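Reading the structure
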Amino acid sequence: MEIWDYILLFGCVLIGGSVALYYKKYQQRYLNHLLTFSGAYIMGIAVLHLMPEAFESGSKYAGTAMLFGFFVQLLLEQLSGGVEHGHIHAHGHRNYKYLYQVVLGLCLHAFFEGLPLGNYAALECAHAGHDHGPGHLLYGIILHKAPAAFALAALLVASGFKNKEIIICLVIFASMSPLGAGMAEYLGETGWWDCAKQKLVTAFVVGSFLHIATTILFETESGGHHKLPLVKVGMIAIGLMLAFLTIL
């Protein structure tokens, strides 16, 4: 990745969290609309871009890695409490055990999803022999992390934490994906990280993305009537269309 990619990956978390800190009277439905769009987009890039890349090597372990990523994300969300999906439920007043638990879950997920970003330029193993760069994955992570950072900051505000504490948590969270990408890039330079490992980690991230995307998309405001609001349908359509246009 280029230095600007690292800055963008780091900055999106700080921007998302800062909005929550300085615009505390937000409306949940607007966050839900943004999450719906991001969920549809990462679903699209997972199926249209990342899944073909993960399976084109013919490795029999790609499916296993994908399932592993799906269920690891399920476990991580037991720590984070579903902040990735915009769940904002205050948990006591400055409950530090809860704080560490949420941040740990988010940071582990962010680190894992940053790993495949580090070697698009270094490895000639992109889908169909064409190196498109980390763009679609990078944008998917950004569109997913910015609202997650907003939800994290809003949760910590509602739980009574001080701004200084919240900013420290945001900086730690913001550092995890760039750290994962940087580690993968370093290991690629040493020769240890090759195309086979790249594809397995990509499959793992696909599983994680599929869990996040499906959870977001199936969490509706329909009140149990099994009907999607028209706005949500529109945001899903826009997200999928944007993901589709990036393969043209």
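Keep in mind that this is a model prediction, so the values were computed, not measured.

Procedures and definitions
- Residues numbered from 1 in each chain as written.
- Predicted model: local features only at pLDDT ≥ 70, side-chain atom pairs only at ≥ 80, totals over all residues.
- Heavy atoms only, no water.
- Axes fitted to C-alpha atoms, helices over the stretch in contact; angles between N-to-C directions.
- Helix = DSSP H or I, 4+ residues; strand = E, 2+ residues; numbered from the N terminus.
- Parallel < 35°, antiparallel > 145°, perpendicular 65-115°, else oblique.
- Left-handed = near helix turned anticlockwise from the far one by under 90°.
- Contact = heavy atoms within 4.5 Å.
- Nonpolar A, V, L, I, M, F, W, Y, C, P; charged D, E, K, R; others polar.
- Phe/Tyr/Trp six-rings, centres within 6.5 Å; stacked < 30°, edge-to-face > 60°.
- Buried < 20%, exposed > 50% of the residue type's maximum accessible area, 1.4 Å probe, protein only.
- Lys NZ or Arg CZ within 6 Å of the ring centre and 35° of its normal.
- Core = buried A, V, L, I, M, F, W, Y, C linked by side-chain atoms within 4.5 Å.
- Expected span 1.5 Å × (residues − 1).
- Arc of directions from axis to C-beta.
- Patch = residues over 30% accessible without salt bridge, like charges linked within 9 Å, V, L, I, M, F, W, Y side chains within 5 Å.
- Areas by Shrake-Rupley, 256 points an atom, 1.4 Å probe, with all protein chains shown as cover.
- Salt bridge = Lys/Arg side-chain N within 4 Å of Asp/Glu carboxyl O.

**Re the packing of helix H4 (residues 96-114) against helix H7 (residues 195-218)**
- For the pair H4 and H7, the least separation of the axes is 9 Å and the interaxial angle reads 130°. Comparing their axes, H7 and H4 come out oblique. Between H4 and H7 lies a crossing whose hand is left-handed. Here H4 contributes His109, Phe112 and Glu113 to the contact with H7, which in turn contributes Phe204, Val205, Ser208, Phe209 and Ile212.

**Thoughts on the packing of H4 against helix H6 (residues 163-190)**
- Their axes nearest at 7 Å, the elements H4 and H6 cross at an angle of 25°. Comparing the axis directions of H4 and H6 gives the class roughly parallel. Like other packed secondary-structure pairs, H4 and H6 cross with a definite hand, here right-handed. Judged by residue contacts, Tyr96, Leu99, Val103, Leu106, Cys107, Ala110, Phe111, Glu113 and Gly114 of H4 engage Glu165, Cys169, Ile172, Phe173, Met176, Ser177, Leu179, Gly180, Ala181 and Met183 from H6.
- Here the residues of the contact of H4 with H6 sort into 14 nonpolar, three polar and two charged.

**Topic: the packing of aromatic side chains**
- Taken as a whole and assessed by the stated rule, the structure comprises seven aromatic pairs.
- Taken together, a centroid distance of 6.2 Å and an interplanar angle of 65° make the contact between Phe111 and Phe112 edge-to-face.
- A relative accessible area of 27% means that Phe112 is categorised as partly exposed.
- Between Phe112 and Phe204, the aromatic rings sit 5.4 Å apart at their centres with planes inclined by 80°, giving edge-to-face as the arrangement. Note that Phe112 is positioned in helix H4 and Phe204 in helix H7, a separation of 92 residues in sequence.
- An aromatic cluster of at least three residues, connected via ring pairs, comprises Phe68, Phe111, Phe112 and Phe204.
- Across the ring face of Phe173, the terminal group of Lys145 is positioned such that the distance to the ring centre comes to 4.2 Å.

**Side note on the environment of Ala65**
- Structurally, the position occupied by Ala65 is in helix H3 (residues 62-80).
- Ala65 gets classed as buried once you look at its relative accessible area, which sits at 13%.
- Put simply, Ala65 and Val201 are 136 residues apart on the chain and 7.3 Å apart in space, counted from C-alpha to C-alpha.

**Some remarks on the nonpolar core**
- Within the largest apolar cluster, 61 residues are counted, with the highest numbers of intra-cluster contacts made by Leu117, Leu152 and Phe209.
- Listing elements by their share of this core, those giving two or more residues are helix H1 (3-22), helix H2 (28-55), H4, helix H5 (135-158), H6, H7 and helix H8 (230-245).
- Looking at this core element by element, the count peaks at twelve residues for H5.

**Examining the environment of Met43**
- Summarising the element assignment, Met43 is placed in helix H2.
- For Met43, a relative accessible area of 19% gives the class buried.
- Sequence separation between Met43 and Ile212 is 169 residues, and the spatial gap between their C-alpha atoms is 8.6 Å.
- Beyond its immediate sequence surroundings of up to four residues, Met43 is in contact with Leu210, Ala213, Thr214 and Leu217.

**A closer look at H8**
- Along its 16 residues, H8 runs 22 Å from first to last C-alpha, staying within 8% of the 22 Å computed at 1.5 Å per residue.
- Buried residues of H8: Lys232, Ile236, Gly239 and Ala243, and no others. Projected down its long axis, H8 carries its buried residues within an arc of 65°, all on one side.

**What to know about a nonpolar patch on the surface**
- A cluster of nonpolar side chains, contributed by Val47, Leu48, Met241, Phe244 and Leu245, occupies part of the molecular surface with about 420 Å² of accessible area.
- Every element with two or more residues in the nonpolar patch is listed here: H2 and H8.
- When residues in the nonpolar patch are grouped by element, the largest group, three residues, is from H8.
- With respect to the element layout, Leu48 can be found in helix H2.
- Note on Leu48: relative accessible area 33%, which makes it partly exposed.

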